[in-house]
Structure formats: structure tokens, C-alpha cells
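Here is how the chains run, residue by residue.
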Amino acid sequence: MLRLIAHRLVVSVALVFVVSLAAFLLQSAAPGDLARAILGQNFSAPAYEQLRHQLGLDQPVLAQYGQWLRDALHGDLGTSPISGLSVADEIAGRLPVTLSLIGCATAVTAFVGVTLGVVSAVHGGRIGRVVDVLSLIGYALPSFWFALTMVTLFAVTVQLLPATGYVSFGTSPAGWARSLVLPVATLALPGIAVFAKQTRDAMLDALSRDYVTALRAHGVPEGSVVLRHALRNAAIPVVTLVGLTFIGLLSGTVFVESVFAMPGLGGLAVQATSLHDIRMIQGVVVVFTVIVVAVNLVVDLAYGWLNPKARVR
């Protein structure tokens, strides 16, 4: 297991470097630049060139990236030329919002999806078809339509939940939970259908194995057969799906944070991209990459725990 962790960490460091370099090159190749964003529409050519020199934009792209990388390795992500705020402080202030959204959405998606999948596999018949229909409806509904409908129903008509905004957990745990209900439901809906279908197929395969027949022949309770033995063997593809869902929701938060006016990293990334704020973009990209690497590492460890063969590959 230690060998697996060491190998994944080495690959992760290389991945963070490649992704940060690719993001820097792509942002540098995009039309426009930071100096134009700061000066606005009306500016003189000398002022433009002077500002580009002050920002270091007149240097080769690789030299600019090298300077950013040296600062980043010393723990300094720089200061945004647009807002004048520290990139690290700005990200630290918004990261809890995004992690709350993604973490809660992944937990809800996995719990509801796995429950529906197990019920569909065990009971089959009419209950299984109902679960299938509900899963397909959830997968087919557009997220933007579902989000607006939820806001209209629960925030405007019933006035039970807030339509926009975010309350930190430290300020009010109850307010934090209420502010996350609608965004988390919007993020979780499409993933629940995928989880239910994947879990049902894996459970049907596990329940058809000979060891399940042997357990039932020895009088093992059906609940133990399903939840303790079959579900554990069916959990390997489900664990992989948890990691993919968590990573996929990183992009989904951009839309959800915009609809529900939540101050997360998705909105910060969109704002920084439109203003060509490379330092802020680089900071967000590095944080997102580290999150992806950490999630993949956890999934690999869980996979190795569930499947001992994976530890020796």
C-alpha cells in the first residue's frame, strides 16, 4: 500500500506541474491581456507599454511562468493586479463554499443513488421499474430548469429556503444547511441517476455469483448477504464513480454558484478569466488540480482496500 501511495504522489506532483504550465500557456495565448483589462477602453500606447513592462507581460511567456513557479514553490501565489488582494487569501476565503457544495452534493448523490440501486437490484419487478423511471427523469431534466423551478417553488412561493447567498458554518450551522439545500439538490440530481444505474448493475452481478448462493444455503440472513457481502463486492465501481462525481462537480459549481449567487471558486475563476488575471487563474487552477489529485489518491486507496489485487499492480 505504501508503494502505491508513493507512486501516486510522484505522479501527482508531475500532474500539478503540467496542468499549471498548460493553464498558463493557454491563458497567455487568449486574445487580450491584463494591461488592456486594467486600462479600459481609452489608453495611450506609451501608458499601455509601460504597464505591460511593470506587470512583466513584455517578457517571454516561459520566463513569466518561471517567475510564477518560483514564487509558488515558496508558498507565494502572488497578488491580483486587478483587485490588489492576495491570491491565497482570496482562494482561502472562497474555498469553503466550493468544498461545501461539492462535498454535500457528492454525499447526497452517492447515498440516494446507491440506495435506489440496491433497492432496484434486490426487489426488481415493479419497484425496479419505478426506480429506473425516476432515475431517467432525474438524468433527463436540464439542471438550469430544475434550479429555477426549485427557486420558484421553495424560495418564492413557499419561502422556505433562501434563493441566493451562502451562510458559513461558523456563523450559523442551520443557516449553512438551509443555504446549501437548493444548490446541492441541483448538483446532485443528474448524478443520482448514474449512481443508481451503476449500483444496480454491479449489485445484480454480485448477487448472481456462487458465493451468494452458498451464503443463502448456509442460512445467512438476506440483509447480511446484500449489505455486508454483495454490496462490498459491488462497491468497487461505485467508489470509482464517487471520485469521478466529485471531480465532475468542480465544473458544475461554476453554473450553480452563478445561479445561486454563491461566492465560490467557480465564480472567481470565471471573473479572473474574463479580466485576464493570470495570477488568480493560476491559483484557482492549482487548487482545483490539488483537489483532483487528493480525490484520486483517496479513491485509489479505497480501491486497494476493497480489491487486494490492486495493491500489487
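This structure is a prediction, so every number in the text was calculated from the model and none was measured.

Asker: Please explain the packing of aromatic side chains as it appears in this structure.
Answerer: Tallied over the full model, the rule gives four aromatic pairs. Ring centres 5.5 Å apart and planes at 70° place the aromatic pair F24 and Y65 in the edge-to-face group. Of this pair, F24 sits in helix 1 (residues 2-29) while Y65 sits in helix 4 (residues 61-73), placing them 41 residues apart in sequence. Both residues of the pair, F24 and Y65, count as buried. Three or more aromatic residues link up through ring pairs in this structure, and these residues are F17, F24, Y65 and W68.

Asker: In this structure, what is going on with the pattern of salt bridges? I would like to understand it.
Answerer: Note on pairing: side chains with opposite charge can pair once their charged atoms come close. What the rule picks out here adds up to four salt bridges. Residues E90 and R94 are paired through a salt bridge, measuring 3.3 Å at the closest nitrogen-oxygen approach. Here E90 and its partner R94 are both found in helix 5 (residues 87-123), four residues apart, which amounts to about one turn of the helix. Classification of E90 by relative accessible area gives buried; the value is 18%. Overall, the relative accessible area of 18% leaves R94 in the buried class. With a shortest N-O distance of 2.9 Å, R209 and D205 are connected by a salt bridge. Taking relative accessible area as the criterion, R209 reaches 42% and is therefore assigned partly exposed.

What counts and what doesn't
- Per chain, residues are indexed from 1 in the order of the written sequence.
- Residue-level local features of this predicted model are given only where pLDDT is at least 70; pairs of side-chain atoms are given and counted only at 80 or more, and the full residue set underlies all totals for whole chains, interfaces and linings.
- Only hydrogens and water are removed before side-chain values are computed, so all heavy atoms of the structure are retained for them.
- Under the pairing criterion, centres of Phe, Tyr and Trp rings, with the six-membered ring standing for Trp, must be within 6.5 Å; the plane angle then separates stacked pairs below 30 degrees from edge-to-face pairs above 60, leaving the rest tilted.
- Strands are runs of DSSP state E lasting at least two residues, helices are runs of H or I lasting at least four, and both sets are numbered from the N terminus onward.
- Exposure is judged per residue with a 1.4 Å probe applied to protein chains only, and the accessible area is read against the type maximum: over 50% gives exposed, under 20% gives buried, and values in between give partly exposed.
- Basic side-chain nitrogens of Lys or Arg form a salt bridge, by our definition, when they fall within 4 Å of a carboxyl oxygen of Asp or Glu.

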